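Read off the chains here:
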Amino acid sequence: MRRMLNYFTFMVNASIYAIFCKCPHCDVIFVYETSPIFQALPALILKKRTKKKVVLYCCDLWPESLKVGGIQENSWIYKAVKRFSQWLYRGCDIVAITSKPFKSYLMETCQVSEQAIVYLPQHASDDYFSIAGQYNDNDCIDFMFAGNIGAAQNLDCVLTALTHIHTAKKYHIHLVGNGSELAHLKKLASELGVETRVSFHGHYPASEMKSWFLLADCFLLTLDGTSSVGKTLPGKAQTYLSIGKPVVGAINGAGAEMIKESDCGLCVPAGDAIALAEAMTEVIENFEKYKLNGQKGRNFYEKNYTMDVFIHRLLKILQQ
């Protein structure tokens with residue numbers, strides 16, 4: 001409820017400002033839509049006042065994201081947000097999407113025209129260039145998930161997979177981050193009897209992540225596969241590739257496509273704990289082989305996800 005109030009008050013306050021502020025001189029109006037789509041309303045008000053076009057950078061799907069929070073499609077909240085989302089998306093002249101599966105969702109659910117949609121994948125800063133491809137040899141294969149620990153990340157799948165891994169070689173799971181599911185996952189690890197195989201490290205600022213990424217031998221990329229949100233490409237994926245280490249994913253959609261296209265590691269369907277265990281076992285047993293996949297991921301990052309590549313693509317869209 002606090003989060004929804006935060007969304008609502010920003011929309012209202014920014015819209016009031018957009019109505020009464022001195023009309024700005026601009027060529028185009030840009031919306032960086034992380035979440036929610038409501039933040040586009042002030043831009044559409046400015047569009048009407050300035051007669052300039054709006055480019056919306058869509059990093060999250062609405063109303064689909066409501067499902068992750070437990071809101072059902074047949075509820076009045078979902079139906080109301082869906083109608084509002086449709087109006088906001090269609091009011092933008094260009095909708096730049098971070099994941100290719102967004103296109104079909106926006107066209108089918110939000111009735112956005114195909115001509116208005118362009119693909120603009122997110123970039124990752126190269127803050128970890130100095131440790132790219134470097135490994136900490138501690139006689140243990142360290143798997144790492146770094147980022148938000150929520151329902152959408154479906155880390156239950158990782159813990160369940162541990163019960164299906166049977167190898168004599170040493171390995172360990174590191175979960176670095178915080179979120180709504182952290183307490184649940186700690187309890188689940190105890191219930192499954194895998195608490196000695198996984199460590200919960202909590203949240204660390206970006207300035208302290210280099211030492212954690214140096215510890216990692218292989219990254220884990222997971223998302224829940226029961227909604228269209230699970231077809232997105234998590235922002236952490238580009239960072240993983242930039243570090244030049246292999247990735248094992250239990251993910252569908254754009255995340256699976258990225259792993260396959262870059263050949264940075266292995267991928268199984270979202271939520272398939274047994275298949276994930278098999279993929280992790282393959283990496284544990286043949287780790288030296290998968291170091292090459294990590295380098296392929298780094299090469300793919302340099303061609304597709306650097307800041308320079310992103311800015312070049314963004315400028316073309318704004319000029320359009």
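Note: the structure precedes this text.
Residues numbered from 1 in each chain as written. Predicted model: local features only at pLDDT ≥ 70, side-chain atom pairs only at ≥ 80, totals over all residues. Heavy atoms only, no water.

Colleague: Before we go on, may I ask you to explain the sheet that holds strand S3 (residues 94-97) in this structure?
Modeller: Two orientations exist for strands paired in a sheet by backbone hydrogen bonds: parallel and antiparallel. Reading across the sheet, the four strands line up as S1-S2-S3-S4 and stay open at both edges, with parallel pairing between neighbours. Every other strand in the sheet has two partners, leaving strand S1 (29-33) and strand S4 (117-119) as the edge strands with one partner each. Neighbouring strand axes in the sheet, compared pairwise and without regard to direction, differ in orientation by 20° on average. Two strands pair when backbone bridges link them, and strand S2 (residues 54-58) and S3 are joined in this way by four bridges, in the parallel orientation. Looking at S3, one finds that Cys58 is bridged to Ile97. Along the sheet face, helix H2 (residues 41-50) touches S1 and S2 and points at about 175° away from the line of S1. (Pairing = 2+ DSSP bridges. Helix = DSSP H or I, 4+ residues; strand = E, 2+ residues; numbered from the N terminus. Axes fitted to C-alpha atoms, helices over the stretch in contact; angles between N-to-C directions. Contact = heavy atoms within 4.5 Å.)

Colleague: It is not clear to me how the nonpolar core should be interpreted in this structure. Could you clarify?
Modeller: The tendency in soluble globular proteins is for nonpolar side chains to be buried side by side. Membership of the largest hydrophobic core comes to 64 residues, with the highest contact counts inside it found for Phe143, Leu162, Ile173, Phe213, Met258, Leu276 and Met280. For this core, the element with the highest residue contribution is helix H11 (residues 273-285), accounting for eight residues. If we ignore the near neighbours within four places in the chain, the residues touching Met258 are Leu221, Leu233, Ala237, Leu241, Asp263, Cys264, Phe300 and Tyr305. Counting residues in each nonpolar core, the second largest holds 34 residues, with Ile37, Phe38, Leu46 and Cys58 among its members. (Core = buried A, V, L, I, M, F, W, Y, C linked by side-chain atoms within 4.5 Å. Buried < 20%, exposed > 50% of the residue type's maximum accessible area, 1.4 Å probe, protein only.)

Colleague: Explain the pairing of strand S5 (residues 141-146) here, please?
Modeller: Here S5 lies mainly inside the structure; six of its six residues are buried. Burial of the side chains of S5 extends over both faces: Ile141, Phe143 and Phe145 are buried on one face and Asp142, Met144 and Ala146 on the other. Note: S5 against strand S6 (residues 171-176), six bridges, orientation parallel. In the sheet register, Ile141 faces S6, and the bridge partner there is Tyr171. Relative to strand S8 (residues 218-222), S5 runs parallel, the two sharing two bridges. Within the sheet, the bridge partner assigned to Met144 lies in S8 and is Phe219.

Colleague: Even after reading the chapter, I still don't get the packing of aromatic side chains, so can you show me in this structure?
Modeller: For any pair of aromatic rings, geometry is given as the distance between the ring centres together with the angle between the planes. For the structure shown, the criterion picks out twelve aromatic pairs. With centroids separated by 6.1 Å and ring planes inclined at 80°, the aromatic side chains of Tyr7 and Trp62 adopt a geometry described as edge-to-face. Placement of the pair is Tyr7 in helix H1 (residues 2-20) and Trp62 in the loop between S2 and helix H3 (65-68), with a sequence separation of 55 residues. No difference in accessibility class separates Tyr7 from Trp62, as the two residues are buried. What links up through ring pairs into an aromatic cluster is the set Tyr7, Phe38, Trp62, Phe84 and Trp87. The lysine or arginine in question, Lys245, covers the ring of Tyr135, its NZ or CZ lying 5.0 Å from the ring centre. Directly above the ring of Tyr135 sits Lys291, whose terminal nitrogen or CZ lies 4.8 Å from the centroid. (Phe/Tyr/Trp six-rings, centres within 6.5 Å; stacked < 30°, edge-to-face > 60°. Lys NZ or Arg CZ within 6 Å of the ring centre and 35° of its normal.)

Colleague: Which parts of the structure should I look at to understand the packing of H1 against H2?
Modeller: Helix packing for two helices is described by the angle between their axes and how far apart those axes are. At a closest axis distance of 8 Å, the pairing of H1 and H2 adopts a crossing angle of 10°. As the angle between them shows, H1 and H2 are arranged roughly parallel. The segment H1 lies against H2, with Met11, Ala14, Ser15, Ala18, Ile19 and Phe20 engaging Leu41, Pro42, Ile45, Leu46 and Arg49. Tallied by class, residues from the contact of H1 with H2 come to nine nonpolar, one polar and one charged. (Parallel < 35°, antiparallel > 145°, perpendicular 65-115°, else oblique. Nonpolar A, V, L, I, M, F, W, Y, C, P; charged D, E, K, R; others polar.)

Colleague: I keep staring at the pattern of salt bridges and nothing clicks. Help me out?
Modeller: Pairs can form between side chains of opposite charge whenever their charged atoms are close. The final tally for this structure, using the stated rule, is seven salt bridges. For Lys296, the salt bridge identified is with Asp263, shortest N-O distance 2.7 Å. Linking Lys296 in helix H12 (residues 287-304) with Asp263 in the loop between helix H10 (253-262) and strand S10 (265-268), this pair joins segments that are 33 residues apart in sequence. Glu302 is paired through a salt bridge with Arg298; the nearest N and O atoms lie 2.9 Å apart. Remark: Arg298 and Glu302 occur in helix H12; sequence separation between them is four residues, near one turn of the helix. Residue class for Glu302 comes out partly exposed when judged on its relative accessible area of 40%. (Salt bridge = Lys/Arg side-chain N within 4 Å of Asp/Glu carboxyl O.)

Colleague: What is the right way to look at the sheet that holds strand S9 (residues 247-250) in this model?
Modeller: Spatially, the six strands line up as an open sheet ordered S7-S6-S5-S8-S9-S10, and their pairing is parallel. A strand with exactly one partner marks an edge of an open sheet, and here the two such strands are strand S7 (198-202) and S10. Taking the axes of each pair of neighbouring strands and ignoring which way they run, one obtains an average angle of 20° across the sheet. Alignment of S9 against S10, held across four bridges, turns out to be parallel. Counted as the bridge partner of Val248 is Leu266 from S10. Lying over the sheet, H11 contacts S5, S6, S8, S9 and S10, oriented at roughly 170° with respect to S10.

Colleague: Quick question: what am I supposed to make of helix H13 (residues 307-319) here?
Modeller: Helical geometry: 3.6 residues make up each α-helical turn, so side chains three or four residues apart lie on a common side. Between the first and last C-alpha of H13 there are 18 Å, a value that for 13 residues agrees with the 18 Å anticipated at 1.5 Å per step. Here H13 has its buried residues at Val309, Phe310, Leu314 and Ile317. The buried residues of H13 occupy one face: seen down the axis, they fall within an arc of 125°. Exposed side chains of H13 directed beyond 90 degrees from the buried face belong to Asp308, His312, Lys316 and Gln319. (Expected span 1.5 Å × (residues − 1). Arc of directions from axis to C-beta.)

Everything listed is a geometric property; what it means functionally is a separate question.
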